[in-house]
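# Report on the structure
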Amino acid sequence: MSEWIFGVNAVRSALETGRLKRVFYAGDQSRIKKLIEEAKNTGIACEVSSHRQLERLAKGRRSQGIGGEITPYPYASLEIVLAGEGPVVALDGVEDVGNLGAILRSAYALGAAGVVLPKNNAAAVTPQTERTSAGAASKLAIARVTNLGRALDQAKQQGRWVFGASMEGETSVDDLDFAESCVLVLGGEGTGIRHQIKNRCDILFHLPMVRNFESLNVSVSAALSLDACRRFRTKS
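Figured I'd write up the structure that's included with this text. Keep in mind that this is a model prediction, so the values were computed, not measured.

## Some points on the sheet that holds strand β4 (residues 66-70)
Strand order in this open sheet of 4 strands is β1-β4-β2-β3, and the pairing throughout is mixed. In this open sheet, the two strands that pair with only one neighbour each are β1 (3-6) and β3 (45-48). This sheet shows a mean twist of 20° between the axes of neighbouring strands, independent of strand direction. Bridge count for β1 against β4 is 4 bridges, and the pairing is antiparallel. Note on β4: the bridge partner recorded for E3 is I70. Helix α2 (residues 30-41) contacts β2 (20-25), β3 and β4 of the sheet and is inclined by roughly 145° relative to β2.

Okay, structure coming up:
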């Protein structure tokens, strides 16, 4: 089974990770020409198309003049994600693929070891996710698990602290000790972290804000939490 991705960054990432099968392109910008040349040099079929055909394949998504047929996303095992360097991001019920893509982008840029997603009632890595992630999904270890609670238990057994983002949290993210390996848990849009997952967190933390506001978008919360970890470790 194949999928289609669109945009220069997404297609380039698929080429670099060996998932690209063929390319359709309609643009003549220098970066598209360079990408086509690299793809042809690796033996990948590249076909001149029309913008109309690309838009039809993209089904409402912006193509940027290039699309690639790819193999399905290769999820990593939980063991590989937990063995990586840096914080692990665990998402409890994030359903919007745009939010997931933005979180993956921040996770890769800010040094996360990987991301853990539940298999049920949550967004998966789709072509739209990969496009939103600007190629980060192809460079990051991402695991899908049947039971997120058990995955967090396994993380704790391997020495990771589990920190959950919650408006109820008494500890500020700026006061967390990121010296040890950790998992940052973030909840779904509008619902937050489920009760049974909160119970598995060692600490619930909040993101301090200058003005009173109900909450931040989950992708923004993820970026701020990851950056707090990065800043702590840079100072240390």
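## Overview of the packing of helix α5 (residues 97-109) against helix α9 (residues 218-235)
Between two packed helices, the angle of one axis relative to the other and the distance separating the axes together describe the packing. For the pair α5 and α9, interaxial distance at closest approach is 8 Å and the crossing angle is 10°. By the angle class used here, α5 and α9 are roughly parallel. For the pair formed by α5 and α9, the contact residues are N99, A102, I103, S106 and A107 on the first element and V218, S219, A222, A223 and L226 on the second. Taken together, the residues that form the contact of α5 with α9 break down as 7 nonpolar, 3 polar and no charged.

## What to know about the sheet that holds strand β5 (residues 88-92)
Across the sheet, which stays open at both edges, the 7 strands sit in the order β7-β6-β5-β10-β8-β11-β9 with parallel pairing between neighbours. Two strands close off the open sheet at either side, each with one partner strand: β7 (141-145) and β9 (171-172). Across 2 bridges, β9 lies against strand β11 (residues 203-206) in parallel orientation. For S172, the partnering residue across the bridge sits in β11 and is H206. Those strands touched by helix α7 (residues 148-157) are β5, β6 (114-118), β7, β8 (161-165) and β10 (182-187), and its axis lies near 160° from that of β5.

## Observations regarding the packing of aromatic side chains
The description of an aromatic ring pair rests on the distance of the ring centres and on the angle between the ring planes. Under the criterion given, the structure shown has 5 aromatic pairs. An angle of 75° between the planes, with centres 5.0 Å apart, marks the rings of Y73 and Y75 as edge-to-face. Through successive ring pairs, a cluster of aromatic residues spans W4, F6 and F24.

## With respect to α7
The α-helix winds at 3.6 residues per turn, so residues separated by three or four positions along the chain end up facing the same way. Regarding α7, the residues found buried are L148, G149, A151, L152 and A155. Down the axis of α7, the smallest arc covering the buried residues is 160°, so these residues share one side. Along α7, exposed side chains directed more than 90 degrees from the buried face belong to R150 and Q157. Where α7 begins, one side-chain oxygen reaches toward the backbone nitrogen of G149, 3.0 Å away; that side chain belongs to N147. Two residues or fewer after α7 comes G159, characterised by a positive phi angle close to 95°.

Conventions used here
Residues numbered from 1 in each chain as written. Predicted model: local features only at pLDDT ≥ 70, side-chain atom pairs only at ≥ 80, totals over all residues. Heavy atoms only, no water. Pairing = 2+ DSSP bridges. Helix = DSSP H or I, 4+ residues; strand = E, 2+ residues; numbered from the N terminus. Axes fitted to C-alpha atoms, helices over the stretch in contact; angles between N-to-C directions. Contact = heavy atoms within 4.5 Å. Parallel < 35°, antiparallel > 145°, perpendicular 65-115°, else oblique. Nonpolar A, V, L, I, M, F, W, Y, C, P; charged D, E, K, R; others polar. Phe/Tyr/Trp six-rings, centres within 6.5 Å; stacked < 30°, edge-to-face > 60°. Buried < 20%, exposed > 50% of the residue type's maximum accessible area, 1.4 Å probe, protein only. Arc of directions from axis to C-beta. Polar contact = N/O pair within 3.5 Å; in protein donor to acceptor, adjacent residues only side chain to side chain.

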